[in-house]
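Reading the structure
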Amino acid sequence: IDAQLDDLKRQDLCALCAHMGNVLEQVTVPMHPEITRIKQLMQEHGAITAMMSGSGPTVFGIFSEEGQAVAAKGYIRTSGLARQVYVTRPFNVKNQQINEDQ
């Protein structure tokens, strides 16, 4: 966690991704090998990293370029490995005005 916090302070996306991990993949992937294939497709199409979130069933990729993410979405959707595929953006609180009444 300390390394990830330092990566965030330095705004170093690649280092942050290198320090990410999910030990539950070791348990889940043997039962669902499509997780590995989805991760591979994302990385083959530009993801800095790809991994399973929590205990699943979501697999996500982090891309530095939106166009790569959109292309990866198309490949994954065409592959039939996933029923739902989305491209999202991170939410940056610093650049948003927050209405505390909501």
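Residues numbered from 1 in each chain as written. Predicted model: local features only at pLDDT ≥ 70, side-chain atom pairs only at ≥ 80, totals over all residues. Heavy atoms only, no water.

On to the side chain of Thr 28. Turning to its location among the elements, Thr 28 is positioned in helix α3 (residues 25-28). We classify Thr 28 as buried; its relative accessible area is 14%. (Helix = DSSP H or I, 4+ residues; strand = E, 2+ residues; numbered from the N terminus. Buried < 20%, exposed > 50% of the residue type's maximum accessible area, 1.4 Å probe, protein only.)

Moving on, we come to the pairing of strand β1 (residues 49-52). Judged by which residues are buried, β1 turns out to be covered on both faces: Thr 49 and Met 51 on one side and Ala 50 and Met 52 on the other are all buried. Pairing of β1 with strand β2 (residues 59-62) involves four bridges; the strand directions are antiparallel. In the strand pairing of β2, Ala 50 is matched with Gly 61. Taken together, β1 and the strand that follows it, β2, pair antiparallel across an intervening segment of six residues, in which Gly 54 is found at a positive phi of about 55 degrees. (Pairing = 2+ DSSP bridges.)

Within the element layout of this structure, Lys 39 appears in helix α4 (residues 34-44). Here Lys 39 is in contact with Glu 25, Ala 50, Met 51 and Val 59, once residues within four sequence places are set aside. (Contact = heavy atoms within 4.5 Å.)

Let us now look at a nonpolar patch on the surface. Side chains of Ile 1, Leu 5 and Leu 8 sit close together on the surface and give an oily, nonpolar patch of about 330 Å² of accessible area. Structurally, Leu 5 is set in helix α1 (residues 2-10). (Patch = residues over 30% accessible without salt bridge, like charges linked within 9 Å, V, L, I, M, F, W, Y side chains within 5 Å. Areas by Shrake-Rupley, 256 points an atom, 1.4 Å probe, with all protein chains shown as cover. Salt bridge = Lys/Arg side-chain N within 4 Å of Asp/Glu carboxyl O.)

For α4, the full list of buried residues reads Ile 35, Ile 38, Lys 39, Leu 41 and Met 42. Angularly, the buried residues of α4 cover 160 degrees about the axis, an arc narrow enough to put them on a single face. Looking at the buried residues of α4, the elements they touch are α3, β1, β2 and α5 (66-79). Positive backbone phi, at 110 degrees, marks Gly 46, one or two positions downstream of α4. (Arc of directions from axis to C-beta.)

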